[in-house]
Amino acid sequence: MTIKPLATVAFTILSYHSTSAFQAPAPKTLSPIHSPPTTTTAIFSSVPTDDESSSSSPPPLSTLVNRVAVAGATGRTGKYVVQQLLSQNVPVLALVRDTEKAANTLDPTNELLTIRQTDLGNKDDIIAALNEGGGAACDAAIWAATGFSDAPDQSFMTKIKAVFGLATNAQATIDAVGLPALGEGLSKSPKRTLSKGGDDVLPKIIMLSSAGVTRPSWSEEKKLALEGSAGIPIVRLNPFGILGIKKESEETLRTCGVEYCIFRPGGLNDNWSPNQRPIFSQGDVAVGRINRQDVAKILVDILSTPEATGKTFEGVSIANSEGYYPPADSIGPALSRLALDSDSGGKGPSEEVVRATYAIMQQLLPGEKQDAAQLAMGQTYEQLDKGETGQLGEKGVEDVGIIPMKPSS
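My aim in this report is to walk through the structure given alongside it, one point at a time. The shown structure was predicted, so the numbers you read here are calculated from the model rather than taken from an experiment. (Residues numbered from 1 in each chain as written. Predicted model: local features only at pLDDT ≥ 70, side-chain atom pairs only at ≥ 80, totals over all residues. Heavy atoms only, no water.)

**Side note on the sheet that holds strand 3 (residues 113-117)**
Right, so step 1: Strand order in the open sheet formed by eight strands is 3-2-1-4-5-6-10-8, and the pairing between neighbours is mixed. Since the sheet does not close on itself, it has two edges, and those belong to strand 3 and strand 8 (277-281), each with one partner. Neighbouring strand axes in the sheet, compared pairwise and without regard to direction, differ in orientation by 20° on average.
Right, so step 2: Sheet analysis places strand 1 (residues 68-71) next to strand 2 (residues 92-96), joined by four bridges and oriented parallel. Bridge assignment links Ala 71 to a residue of strand 2, and that residue is Leu 95.
Right, so step 3: Contacting strand 1, strand 2, strand 3 and strand 4 (140-143), helix 3 (residues 78-87) runs over the sheet at an angle of about 165° to strand 1.
Right, so step 4: Of the strands in this sheet, strand 5 (205-208), strand 6 (260-265) and strand 10 (311-318) are in contact with helix 11 (residues 242-254), which crosses strand 6 at around 160°. (Pairing = 2+ DSSP bridges. Helix = DSSP H or I, 4+ residues; strand = E, 2+ residues; numbered from the N terminus. Axes fitted to C-alpha atoms, helices over the stretch in contact; angles between N-to-C directions. Contact = heavy atoms within 4.5 Å.)

This is the structure in structure tokens:
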């Protein structure tokens, strides 16, 4: 996949000078395009050569993992994660709160699936679950759980109780307890590698996070400059500080001592067609849509993708119009261009790189107006284009009293 158009745009943006990364830049003389300054390479880490990009497909996932624990296995994304794993003959341990719901949501007749009632807020219960099964103990996990649900079958009071718990006791949320427990439980399992004895290390824990987790903490100057990312409804609303809690959970995972990957999808939208091409970026500026089925596939693909290890990145998808933009055969080459968290001490890309990435990603927004900051909560891009009011009213006066806590799409 060529990156020349993106690199050219990024180079043009970065070739301007300003005293602040978020002030209007003053132009200066551009360097020749064939000799860009070294700062532009920070947008893509370790850009592969043609030989690296055309590497052979990884071996079957079932040969790379013993058993995968899935937290949140009955959720709207978690159920697709389980389906993806089982379709590749990978044994799955579904960590669930409600076994009856799991029996109705998943396929309990599949011999590769074990359903276990597990308290994701209890460290000892999680570790015990991972180690059950003797030789079939888990050596990898996918965290698709959350402290609240937007599932249509969940009562309003259940949602409020879950969200209220997040607001009053953030340190006891399932993310804060469960992710470190997974780390401890998997810390003694053998290192996962793509090739036997190789240095192509694979992640043991994959966290499903969310785009936007850092945006509430941005400076006012940065929010104004990157309004298309900071001004979207879920960031403006940030119910009970959930984005900050997710950000803290990410930081906890990065220090838990095992190989990891953190994926932050954009707006989860089941009406957006699946099997679209994902666009990955860093800096938490991505805005757009992605189907939960595509998110699940990415989470499972990461299990066999060493280029994902130790990285945090966002993802949205673009429509595969008339077959011109199908998903790539492998996400490895795209992820190889992204930076390791350790490159910046977990702080992410420089502000100059963030600004360049923002300029690119804003061009990939759905719709014609391409102005996510103008969306009201509950309003779609299609309604914005047509000048229609969303289901919750005009921007700034939305009736958000009893809505499920999920991003606008």
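**Things to note about helix 5 (residues 123-131)**
Right, so step 1: For helix 5, every residue scored as buried is listed here: Asp 125, Ile 126, Ile 127, Ala 129 and Leu 130.
Right, so step 2: The inward-facing, buried residues of helix 5 abut strand 1, strand 2, strand 3 and helix 7 (174-186).
Right, so step 3: Two to three positions downstream of the cap, the backbone nitrogen of Asp 124 sits 3.0 Å from a side-chain oxygen, assigning the N-cap of helix 5 to Asn 122.
Right, so step 4: Directly beyond the C-terminal end of helix 5, a positive phi value near 100° is found at Gly 133. (Buried < 20%, exposed > 50% of the residue type's maximum accessible area, 1.4 Å probe, protein only. Polar contact = N/O pair within 3.5 Å; in protein donor to acceptor, adjacent residues only side chain to side chain.)

**Looking at unusual backbone geometry**
Right, so step 1: The backbone of Asn 89 sits at a positive phi, close to 60°, despite the residue not being glycine.
Right, so step 2: With respect to the helices and strands, Asn 89 occurs in the loop between helix 3 and strand 2.
Right, so step 3: A residue is classified by how much of its surface remains accessible, and Asn 89, at 53% relative accessible area, is exposed.
Right, so step 4: The backbone phi angle of Asp 284 is positive, close to 60°, even though this residue is not glycine.
Right, so step 5: Structurally, Asp 284 is set in the loop between strand 8 and strand 9 (289-290).

**Concerning the nonpolar core**
Right, so step 1: Val 68, Leu 85, Phe 280 and Ile 302 are the most contacted members of the largest nonpolar core, which has 40 residues in total.
Right, so step 2: For this core, the elements supplying multiple residues, two or more each, are strand 1, helix 3, strand 2, strand 4, strand 5, strand 6, helix 12 (292-302) and helix 13 (332-336).
Right, so step 3: The greatest single-element share of this core, amounting to six residues, is contributed by helix 12.
Right, so step 4: In this structure Val 68 touches Leu 85, Val 90, Pro 91, Val 92, Leu 93, Cys 138, Ala 140, Ala 141, Ile 142 and Leu 303, once residues within four positions along its chain are discounted. (Core = buried A, V, L, I, M, F, W, Y, C linked by side-chain atoms within 4.5 Å.)

**Regarding helix 12**
Right, so step 1: Of all eleven residues that make up helix 12, nine are buried, and the element is covered over most of its length.
Right, so step 2: Taken as a whole, helix 12 has its buried residues at Arg 292, Asp 294, Val 295, Ala 296, Ile 298, Leu 299, Val 300, Asp 301 and Ile 302.
Right, so step 3: At the N-terminal end of helix 12, a side-chain oxygen is found 2.8 Å from the backbone nitrogen of Gln 293, two or three residues along, and the residue is Asn 291.

**Quick notes on the packing of helix 5 against helix 7**
Right, so step 1: Interhelical geometry of helix 5 versus helix 7 gives an angle of 40° and a closest axis separation of 9 Å. Classified by the interaxial angle, the pair formed by helix 5 and helix 7 is oblique. The crossing of helix 5 and helix 7 is right-handed. In this structure, helix 5 contributes Lys 123, Ile 126, Ile 127, Leu 130 and Asn 131 to the contact, and helix 7 contributes Val 177, Gly 178, Ala 181, Leu 182, Glu 184, Gly 185 and Leu 186. (Parallel < 35°, antiparallel > 145°, perpendicular 65-115°, else oblique. Left-handed = near helix turned anticlockwise from the far one by under 90°.)

**Concerning the packing of aromatic side chains**
Right, so step 1: What the rule picks out here adds up to three aromatic pairs.
Right, so step 2: Ring geometry for Phe 263 and Phe 280: centres 6.2 Å apart, planes at 70°, overall edge-to-face. Of this pair, Phe 263 sits in strand 6 while Phe 280 sits in strand 8, and the two are 17 residues apart along the sequence. Taken individually, Phe 263 and Phe 280 each receive the classification buried, so the pair is uniform in this respect. (Phe/Tyr/Trp six-rings, centres within 6.5 Å; stacked < 30°, edge-to-face > 60°.)

**Remarks on the side chain of Thr 118**
Right, so step 1: Checked against the element boundaries, Thr 118 lands in the loop between strand 3 and helix 5.
Right, so step 2: By relative accessible area, which is 3% here, Thr 118 ends up buried.
Right, so step 3: Not counting residues up to four positions away in its chain, the partners in contact with Thr 118 are Leu 95, Val 96, Arg 97, Asp 125, Ile 126 and Ala 129.

**Re the packing of helix 3 against helix 12**
Right, so step 1: Two numbers describe how helix 3 lies on helix 12: the axes approach to 8 Å, and their chain directions differ by 50°. By the angle class used here, helix 3 and helix 12 are oblique. The two elements helix 3 and helix 12 meet at a crossing, and its hand is right-handed. In this structure, helix 3 contributes Tyr 80, Val 81, Gln 84 and Leu 85 to the contact, and helix 12 contributes Arg 292, Gln 293, Ala 296, Lys 297, Leu 299 and Val 300.
Right, so step 2: Of the residues in the contact of helix 3 with helix 12, the class split is six nonpolar, two polar and two charged. (Nonpolar A, V, L, I, M, F, W, Y, C, P; charged D, E, K, R; others polar.)

**Some details on the environment of Gln 83**
Right, so step 1: Checked against the element boundaries, Gln 83 lands in helix 3.
Right, so step 2: C-alpha of Gln 83 to C-alpha of Gln 293: the two residues are 210 residues apart in sequence and 9.7 Å apart in space.

**Regarding the side chain of Lys 204**
Right, so step 1: Structurally, Lys 204 can be placed in the loop between helix 7 and strand 5.
Right, so step 2: The buried charged residue Lys 204 lacks any salt bridge partner; its closest oppositely charged side chain belongs to Glu 259, at an N-O distance of 4.4 Å.
Right, so step 3: A distance of 2.9 Å separates a polar side-chain atom of Lys 204 from the backbone oxygen of Leu 186.
Right, so step 4: With residues up to four places along the chain from it excluded, the contact list for Lys 204 reads Asp 139, Ala 140, Ala 141, Leu 186, Ser 187, Ser 189, Pro 190, Lys 191, Arg 192, Val 258 and Glu 259. (Lys, Arg positive; Asp, Glu negative; His and termini not counted. Salt bridge = Lys/Arg side-chain N within 4 Å of Asp/Glu carboxyl O.)

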